[in-house]
Amino acid sequence: MRKLKLEMQVSADGFAADDDGGTDWMVWNWGPEWGWEQRLRDYHNALTTSSDCILLSSAMAQEGFIQHWEQVARDPASPQYAFAQPITQMRKVVFSRKLREAPWPRAELAQGGLKEAVDALKREPGKDLLAYGGPTFASSLLAAGLVDELHIIQNPTFLGRGRPMFKDLRARARMALRAALPFACGVVVLCYVPQSARSGEGMPE
């Protein structure tokens, strides 16, 4: 069965954004200036290419995630091309209660409820699943027990206040730390798995 990997960027004190939704405090806030060192870029790209299907919240899709990386993938000279190109080619499944169709290339709407849809995707053949999304979508995945690996990219900034990483988490999710990788740019990547999970492959180096 395929695994679902959830990747999130957060502040050192656990916020996904500031009070206004801003992310300019991140070492790399997904913009054109890639502030990560090569080793962290390689980790991120390896995590991406270990999957062949991306799960997105409708909010992230409508904010331009798919269009942005399609544009970057048109420029082989971009340092982010190695990430953008596979992202563009991968299947995207968008979770929405309001949309009736997905207006983006290689994208489709999830069928059924969250758990039903993700469980069905896990049973399909192929590489693993990779989820991106804001706190609400991430909280829903975690509360439903659907996350097999949680990859937290912790930035070296304390916000003091803001939008919590799992602000809508309605049930405890007991996790075990599998690995912690520090990087010269100040980022620490934390990989968690469910406590019930057996030891297996580690996170990308």
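Parameters at a glance
Residues numbered from 1 in each chain as written. Predicted model: local features only at pLDDT ≥ 70, side-chain atom pairs only at ≥ 80, totals over all residues. Heavy atoms only, no water. Axes fitted to C-alpha atoms, helices over the stretch in contact; angles between N-to-C directions. Helix = DSSP H or I, 4+ residues; strand = E, 2+ residues; numbered from the N terminus. Parallel < 35°, antiparallel > 145°, perpendicular 65-115°, else oblique. Left-handed = near helix turned anticlockwise from the far one by under 90°. Contact = heavy atoms within 4.5 Å. Phe/Tyr/Trp six-rings, centres within 6.5 Å; stacked < 30°, edge-to-face > 60°. Core = buried A, V, L, I, M, F, W, Y, C linked by side-chain atoms within 4.5 Å. Buried < 20%, exposed > 50% of the residue type's maximum accessible area, 1.4 Å probe, protein only. Salt bridge = Lys/Arg side-chain N within 4 Å of Asp/Glu carboxyl O.

A. Quick look at the packing of helix α3 (residues 65–73) against helix α4 (residues 81–89). Between α3 and α4, the shortest axis-to-axis distance is 8 Å and the interhelical angle comes to 125°. The angle between α3 and α4 falls in the class oblique. α4 is crossed by α3, and the crossing has left-handed handedness. For the pair α3 and α4, the contacting residues are Phe 65, Trp 69, Glu 70, Val 72 and Ala 73 in the first and Tyr 81, Phe 83, Ala 84, Gln 85, Ile 87 and Thr 88 in the second.

B. Structural context of the packing of aromatic side chains. If you walk through the whole model with that rule in mind, you get five aromatic pairs. Between Trp 69 and Phe 83 the ring centres are 4.7 Å apart and the planes differ by 85°, which places this aromatic pair in the edge-to-face class. One end of the pair, Trp 69, is in helix α3; the other, Phe 83, is in helix α4, with 14 residues separating them in the sequence. Through successive ring pairs, a cluster of aromatic residues spans Trp 28, Trp 36, Trp 69 and Phe 83.

C. Representation of the nonpolar core within the structure. Grouped together as the largest cluster of nonpolar side chains are 29 residues, with contacts concentrated most on Leu 56, Trp 69, Tyr 132 and Val 189. Listed by contribution, the elements that provide at least two residues to this core are α1 (38–49), β3 (51–57), α3, α4, β5 (107–109) and β6 (128–132). Tallying contributions element by element places α3 first for this core, with five residues. Every residue in contact with Trp 69, bar those within four places of it in the chain, is listed here: Trp 28, Trp 30, Gln 80, Phe 83, Ala 84, Ile 87 and Thr 88. Ranked by size, the runner-up nonpolar core spans 25 residues in total, among them Leu 4, Cys 53, Leu 141 and Leu 150.

D. Expanded view of the pattern of salt bridges. On inspection of all chains with the given rule, the structure shows ten salt bridges. The shortest N-O distance in the salt bridge between Asp 128 and Lys 5 comes to 3.2 Å. Remark: Lys 5 occurs in strand β1 (residues 4–10) and Asp 128 occurs in strand β6; sequence separation between them is 123 residues. One exposure class covers both Asp 128 and Lys 5, and it is buried. One salt bridge connects Asp 119 with Lys 115, and the closest N-O pair in it is separated by 3.3 Å. Here Asp 119 pairs with Lys 115, and both are found in helix α5 (residues 114–123), just four residues apart, close to one helical turn. Each of the salt bridges in this network shares a partner with another, and the network as a whole consists of Arg 2, Asp 52, Arg 91, Glu 108 and Glu 124.

Interpretation in functional terms is not warranted from these geometric data alone.
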